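Close look at the chain arrangement
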Amino acid sequence: MNPAVLTPLLDWLDLAGVAIFALTGALVAAREKQTFVTMAFFALITGLGGGTMRDLFIGAPVFWIHDGWVAAVCLGIALLAWFTPTRWWEGRFLAIADGVGLTAYAVLGTAKALSYGVPPIPSFLMGVITGCVGGIVRDVIAGRPSILMRPELYVTAAALSASLTVLGELLTLERVVVWIVAALAGFALRLAAIGWQLSLPSYRE
Amino acid sequence: MNPAVLTPLLDWLDLAGVAIFALTGALVAAREKQTFVTMAFFALITGLGGGTMRDLFIGAPVFWIHDGWVAAVCLGIALLAWFTPTRWWEGRFLAIADGVGLTAYAVLGTAKALSYGVPPIPSFLMGVITGCVGGIVRDVIAGRPSILMRPELYVTAAALSASLTVLGELLTLERVVVWIVAALAGFALRLAAIGWQLSLPSYRE
Amino acid sequence: MNPAVLTPLLDWLDLAGVAIFALTGALVAAREKQTFVTMAFFALITGLGGGTMRDLFIGAPVFWIHDGWVAAVCLGIALLAWFTPTRWWEGRFLAIADGVGLTAYAVLGTAKALSYGVPPIPSFLMGVITGCVGGIVRDVIAGRPSILMRPELYVTAAALSASLTVLGELLTLERVVVWIVAALAGFALRLAAIGWQLSLPSYRE
C-alpha cells in the first residue's frame, strides 16, 4: 500500500481508537451516576491518556494539542454517552470494541516510537503504554481496581501486538502487513480471553 | 492596559494562584495529621500540578523549573500551615480563595496555550487542566474522593472562564477586558455554587 | 576523580538504582499474587518513574527511551522476582537496598538538574522527586497507603541528600566528595529511621 492511502487510513484508525477509549471512560462516569462534566473529563483522560504519555516520553509534540479535532471527538462522545442509556453500550459490544482499540493502539504506538528512532525494547513499551495507560488512569481516578491488578489477559494482548510490530521492523518486513498481522494477533488473543475467560497464572511462592 | 503594567500584574496573579492552591494542599495534609514533609509535598503538588501539566502538554518550559521563587512560595506556605491552627483557614475563606485561584488559573492557562498557537478546543482544555489538575492529583494521592467525582459546580466554573477566554480571542476583543470578565464570570458561578449548593444534574438512564 | 572514571561509575550506580527500585515494585505485585505482566509493569513504573518525571520537568530527553538497556534491566528484574520466593527478598535486606537507591537517586537527580542549569530550590526538588516518585506511583496504582502518608523518615532522607548536594554546589566544593557525603548522610538517616523506627512529628492543632 502506498503512503497516500496508508496515512489517511492510519489517521482514521487513530481517531477511531480515541473514540472507543473515550466511550469506555464516559461509561465509567455514567455507571457511577456522575455529571456531564465528569463524563467529559473521563472521556478525555481515557481517550487521550496513553498517546499523551507516549508523546511526552519520546519527545514528540502531544498529538491532540495542535489538532483541535481529536479533543472535540472525545467531547462529542461524552455528549453521546450522556444522551443514551448505558445498556446500549454494555456487555460484549464494548469489550470487543475496547479490544480493537487496545491492539490497534499498541501497534500505532510502537510504530510511532520506532519512527522516532527509539530502540526496540522502549518502542515495545511505548506500544503497551499507548494501549493501556488511559484505562489505568481512568480506574485510579475513579477509585476502581485497575485492569492491571486483575489476572485477565488484557495488557498481554497489547504486549503481543507491540512485540510483533517490533519483530517485523527488526526483520524489515513490509510494514502494513506487519501492522495488520500484529493487530489481528493481539485482537484474537483478547477475544479468546473474553470468550473463554483466559487469564495468566498468578505468582505463587 | 499596556504590557509594561500587564505582565507584572499577571506574574503576581500567577504567584497568588500558586500560593492559594499550595495552601489547600497543605491543609489536606494537616487535616490528616501528617508530618511537615508530607505537607510540603502536598503544597507543591497542588500548587504546581496543573501548570506543570499544561506546560508539558503545550511544549513550554515548565514554569517553576527555571524560576526558583515559585517552588519557594509553596514551601513557605507549607511552613505557614505547619505553624498555624487549621481553623484559621477552614470554612468559607478557603473555599472562596480557592475559587479565585481556580478561575484565575483557568484564564491564565487558556491565555498561555493560545499564545503558544494552540487551537481553541485544546486551549480551553489547557485552562481547565491548569485550574483543576493540582486538586485532583492531591485527592488521588491522599486517597480522598476527588472533586471530579462530586456533583458540585467546580470544574464547570473553570470551564466557563476558559471558554469565555477562548471566545474573546476568537472575536479578537481586548485581552485584558476579556480576561477580567472571564475570571469574574467563573468566580461568580463558583460563589453561587458555594452559597446555594448548586450542583450539576447526574446521569440517569 | 577524573570524568573518565566518574562517568561510567555514575552510569553503573544509575542502573543499580533502577534495578533496586524495580525489585521493590515487582515484590509489591508478588505480595498481591499478581501475574507476570503486572509484575513487569510495576517493576517498570517503580524503577523508571522518578527519573522520567525529573527528565520531563527539566526538559532532558527521557533517560530510558534512547538506551534500550535500562528498560531491559527492569524486565529482567521482574523475571527474577517471578522465579524466586519473596522471602528471599523480604525484611531488612530490601529496606536497606531501597535506602541505597533512594539516597543515591536523590543525589543523582539533583546533580543532573544542576547540570541543566536549574536553580537551587527546583534542583533540590528534582532530587527528591527522582528518589520518591516511583514508589509513590507504585503505591497509588496498587491502592496501598503511600509512603508519603506515613510519618516514617523516608522522603526526609532523600531531602537531606538532595539539600547537601545543592549546598556543595553553592559552595563550589569538589563534586565527587559532595555526592558521596550527601548520599552517605541520607543513607545513615534512613538506616537510623529503620533501626530505631524514627519518625517525624505529626501536625497538631
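Residues numbered from 1 in each chain as written. Chains lettered and ligands numbered in written order. Predicted model: local features only at pLDDT ≥ 70, side-chain atom pairs only at ≥ 80, totals over all residues. Heavy atoms only, no water.

Operational definition: UniProt positions are given in the numbering used here, feature names are shortened, and annotations may be inferred rather than shown by experiment.
An unreviewed UniProt entry annotates chain A as Trimeric intracellular cation channel family protein of Qipengyuania marisflavi. Under the UniProt heading Sequence similarities (unreviewed entry), the note attached to chain A is "Belongs to the UPF0126 family."

Considering the relation of the copies chain A and chain B
As a reminder, the rule being used: Superposing copies: least-squares fit, C-alpha atoms only, residues required to have pLDDT of at least 70 in both.
Least-squares fitting of chain A to chain B yields an RMSD of 0.0 Å, with the superposition described by an axial translation of 0.0 Å and a rotation of 120°. On this basis, the relationship between the two copies can be described by a three-fold rotation axis.

What about the relation of the copies chain C and chain B?
Basically, it comes down to this: Residues are treated as being in contact if the distance between any of their heavy atoms lies within 4.5 Å.
Here chain C sits on chain B after a turn of 120° about the axis and a move of 0.0 Å along it, with an RMSD of 0.0 Å. The overlap is low: 8% of the interface residues of chain C also sit at the interface in chain B, so different surfaces are used on the two sides.

Focus on the nonpolar core
The following threshold applies: By nonpolar core is meant a set of buried Ala, Val, Leu, Ile, Met, Phe, Trp, Tyr and Cys residues that side-chain atoms within 4.5 Å join together. Partly exposed residues are those whose accessible area sits between 20% and 50% of the maximum for their type, while under 20% is buried and over 50% is exposed, using a 1.4 Å probe and protein chains only.
Of all hydrophobic cores here, the largest spans 183 residues; its most connected members are Trp64(A), Trp64(B) and Trp64(C). Leave out the neighbours within four places in its chain, and Trp64(B) touches Leu48(B), Thr52(B), Val70(B), Ala71(B), Phe57(C), Pro122(C), Leu125(C), Met126(C) and Ile129(C). Counting residues in each nonpolar core, the second largest holds six residues, with Val107(B), Val178(B), Ala182(B) and Ala183(B) among its members.

Some thoughts on the pattern of salt bridges
This is how the line gets drawn: Criterion for a salt bridge: a side-chain nitrogen of Lys or Arg within 4 Å of a carboxyl oxygen of Asp or Glu.
By the definition in use, this model includes nine salt bridges over all chains. As a salt-bridge pair, Arg175(B) and Glu169(B) come within 2.9 Å of each other at their nearest N and O atoms. It is possible to trace a salt-bridge network through shared partners that takes in Arg54(A), Asp55(A) and Lys112(A).

Details of the side chain of Thr52(A)
We count it as follows: Helix and strand assignments follow DSSP, with helices taken as H or I runs no shorter than four residues and strands as E runs no shorter than two, numbered in order from the N terminus.
Mapped onto the secondary structure, Thr52(A) falls in helix H2 (residues 36-58). When near neighbours in sequence (up to four residues on either side) are disregarded, Thr52(A) contacts Val62(A), Phe63(A), Trp64(A) and Phe57(B).

Comments concerning the interface of chain C and chain B
We count it as follows: Note on terms: buried area is the combined drop in 1.4 Å-probe accessible area of two parts once they are placed together, counting the loss on both. Two N or O atoms form a polar contact when they lie within 3.5 Å of each other; inside protein one atom must be a possible hydrogen donor and the other a possible acceptor, and for residues adjacent in sequence the pair counts only when both atoms belong to side chains.
On the chain B side, the residues contacting the 26 residues of chain C number 32 residues. Roughly 2400 Å² of surface becomes buried between chain C and chain B when both sides are summed, with 75% attributable to carbon and sulfur atoms. Counting across the chain C and chain B interface gives zero salt bridges. Between the two partners, chain C and chain B, sit zero residue pairs in polar contact (both at pLDDT 80 or more). Among the secondary structure elements, those contributing two or more residues to the side of chain C that touches chain B are helix H2 (36-58), helix H5 (120-142) and helix H6 (155-170) of chain C. Looking at which element gives the most residues to the side of chain C that touches chain B, the answer is H5(C), with eight residues.

So, the environment of Trp196(B)
All names here are of chain B. Here Trp 196 shows up in the segment after helix H7 (175-195). Owing to a relative accessible area of 67%, Trp 196 belongs among the exposed residues under this scheme. For the pair formed by Trp 196 and Gly 76, sequence separation is 120 residues and the distance between their alpha carbons is 34 Å.

Things to note about the packing of aromatic side chains
Operational definition: Stacked, edge-to-face and tilted labels apply to pairs of Phe, Tyr and Trp rings (six-membered ring for Trp) whose centres lie within 6.5 Å, assigned for plane angles under 30 degrees, over 60, and everything in between, in that order. Our definition puts a charge over a ring when NZ of Lys or CZ of Arg is within 6 Å of the ring centre and also within 35 degrees of the ring normal.
Tallied over the full model, the rule gives nine aromatic pairs over all chains. Between the aromatic rings of Phe21(B) and Tyr105(B), the centroid separation amounts to 5.5 Å while the plane-to-plane angle is 65°, which identifies the pairing as edge-to-face. Here Phe21(B) is found in helix H1 (residues 3-31), whereas its partner Tyr105(B) is found in helix H4 (residues 92-115), with 84 residues between them in sequence. Accessibility expressed as a relative area gives 4% for Phe21(B), which makes it buried. By relative accessible area, which is 2% here, Tyr105(B) ends up buried. Directly above the ring of Phe63(C) sits Arg54(C), whose terminal nitrogen or CZ lies 5.7 Å from the centroid.

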